[in-house]
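Reading the structure
Below, each chain spelled out in residue letters.
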Amino acid sequence: MFDRRAALAALLCLVTLPAGAEAARVEPVALPFAVKAMRGPGSEVALSVATSGLLPLARAPASADPKAAGPAGPPPIVVVWGEGGGAVLSLEGETLRTTLIGAEAVEGFAAAETPRGAVPGSRRALDGPLSAYLTGPTRALGGAPGQGTVLTLRERQPLGVTAEPKAVPVTTHTLAPGEASVFAGRTPRITRLDGRPAVVAVTAQGPAGSALALARKQVDGAWTLAAASPPQAGRDPEGAPLALAGLADFAGTGTPQIAAIRAPEGEGVLQFWRIADGTFSLAGELPGYAGPVAGEEADLAAAVPRGGNPPELALPVAGRGALALVSAKGGAPRERLRLPLPAPAAHGVAVLDASGSAKKILVGLADGRLVAVAADAP
């Protein structure tokens, strides 16, 4: 029987593979251990390692100009670890630098990603004073009202001037998605809309459907669920809901778009969603891509800065045997580049860049290797 979806995916591979793709380089990163886990810039592990004093990372020099911004924070890093060791990857100019650290230290930082009371195995998102994570029972679908997983938002408040040591005040908000759904086991993402913080999460509706949900901070400081995408049938064979792949201004409109992967009948479809006037709308989608399966929380996609142009999205194709760069500039997504990998992507995709121009994309492979992809080609 003729499989139209398979034929479409094969045709897509042929028409999107550019003539210069063979010039792109995929280089192995030498490590004395097999990579089992990976965290990219902006993750809690990367931020903790960068500020822990374990690394002699260079910082931008302070400016003598009193109008200039304060001292720059630590440079972006990628952290990988496995049995027998850990490593931090950073850029010095255009050179990739590897610093070995103990696996025990990294595992300690990774354990802190799941705060007290959070759903076991889940991770929280951090952005300045705001953190977002899931709390409640892990089996919520079909339970009685009030037994569902909820989204917890914690914000550190200004302490003010004080002569005595005091605990930093923290406000906590919890949001439930409603009686017919629960928040699914996907790490939330934090962004800003109209100058105010916002959080994107995934909800599950029954055993076969999932959707996107947007929580926004109101002018009075309260948090509400402001929007939700239409529920979509089509969880993968393992029951995995939608996966958040990226959150950035992919279209170049000045407003963040949400990249997500859905898996109807096991076929990964990349979607780009926009939010306007409190409503989700689908900007475009492409078949033939891979997201995390049920129970897997590897970050298998990352936004790739392009200087003054909108960022692209790096993620594995279906089967995870190649890395694709997808552009949504102008609104309609298209695959710009496809790079074969020496083994399937498994433990993560992360980007190290300098001055907003992508320099290296790091990919953790299923066989424990780490490779660096030079993806700054036009």
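See above for the structure.
Here's a quick rundown of the structure. Computed from a prediction, not measured in an experiment: that's the story for all the values here.

What counts and what doesn't
- Residues numbered from 1 in each chain as written.
- Predicted model: local features only at pLDDT ≥ 70, side-chain atom pairs only at ≥ 80, totals over all residues.
- Heavy atoms only, no water.
- Helix = DSSP H or I, 4+ residues; strand = E, 2+ residues; numbered from the N terminus.
- Buried < 20%, exposed > 50% of the residue type's maximum accessible area, 1.4 Å probe, protein only.
- Areas by Shrake-Rupley, 256 points an atom, 1.4 Å probe, with all protein chains shown as cover.
- Pairing = 2+ DSSP bridges.
- Axes fitted to C-alpha atoms, helices over the stretch in contact; angles between N-to-C directions.
- Salt bridge = Lys/Arg side-chain N within 4 Å of Asp/Glu carboxyl O.
- Arc of directions from axis to C-beta.
- Contact = heavy atoms within 4.5 Å.

**Re the overall build of the chain**
Helix and strand counts for the chain stand at three helices and 26 strands. For the chain, the residues scored as buried account for 48% of the 378 residues in total. A total accessible area of about 17,900 Å² is found for the chain, and carbon and sulfur atoms account for 55% of it.

**Details of the sheet that holds strand β8 (residues 150–156)**
With antiparallel pairing, four strands are arranged side by side in an open sheet as β6-β7-β8-β9. The sheet is open, and its two edges are formed by β6 (125–127) and β9 (170–175), each paired on a single side. Here the strands of the sheet are splayed against their neighbours by 20° on average, with no regard to which way each runs. Here three bridges tie β6 to strand β7 (residues 130–135), and the two strands are oriented antiparallel to one another.

**Notes on the pairing of strand β21 (residues 309–316)**
With seven of eight residues buried, β21 is to be regarded as a mostly interior element. Sheet analysis places strand β20 (residues 302–306) next to β21, joined by four bridges and oriented antiparallel. Directly across from Ala302, in β21, lies its bridge partner Ala314. Hairpin geometry of β20 and β21 is characterised by an intervening segment of two residues between the two adjacent antiparallel strands and by a positive phi of about 60° at Gly307. Where β21 folds back onto strand β22 (residues 322–327) in an antiparallel hairpin, the turn is made up of five residues, including Gly319, whose phi is positive at roughly 90°.

**What to know about the pattern of salt bridges**
Per the stated rule, a full pass over the model turns up 14 salt bridges. In this structure, Arg123 engages Glu113 in a salt bridge whose closest nitrogen and oxygen atoms are separated by 3.6 Å. One end of the pair, Arg123, is in the loop between α3 (103–111) and β6; the other, Glu113, is in the loop between α3 and β6, and 10 residues separate them in sequence. By the burial criterion, Arg123 is buried, and Glu113 matches it. Measuring nitrogen to oxygen at the nearest pair gives 2.7 Å for the salt bridge that ties Asp367 to Arg369. If you follow the salt bridges from partner to partner, you end up with Arg39, Glu113, Arg123 and Asp299 in one network.

**Here we look at α3**
Within the span of α3, buried status applies to Ala103, Val106 and Ala110. The buried side chains of α3 occupy one side of the element, clustering within an arc of 65° when seen end-on. Structural note: α3 exposes Glu104 and Ala111 on the side pointing more than 90 degrees away from its buried face. Those residues of α3 hidden inside the fold are in contact with α2 (44–50), β3 (78–82), β4 (85–92) and β5 (95–101).

**Details of unusual backbone geometry**
A positive phi angle, close to 55°, is found at Asp194, a residue other than glycine. Summarising the element assignment, Asp194 is placed in the loop between β11 (189–193) and β12 (196–205). What makes Asp194 exposed here is its relative accessible area of 69%. Backbone geometry at Arg320 places phi at a positive 65°, although glycine is not the residue there. Exposure remark for Arg320: the relative accessible area of 14% places this residue in the buried category.

**Re the environment of Gly82**
Mapping Gly82 onto the fold places it in strand β3. A C-alpha to C-alpha distance of 6.7 Å links Gly82 and Ala103, two positions 21 residues apart in sequence. The residues contacting Gly82, other than those within four sequence positions of it, are Phe33, Ala34, Lys36 and Ala103.

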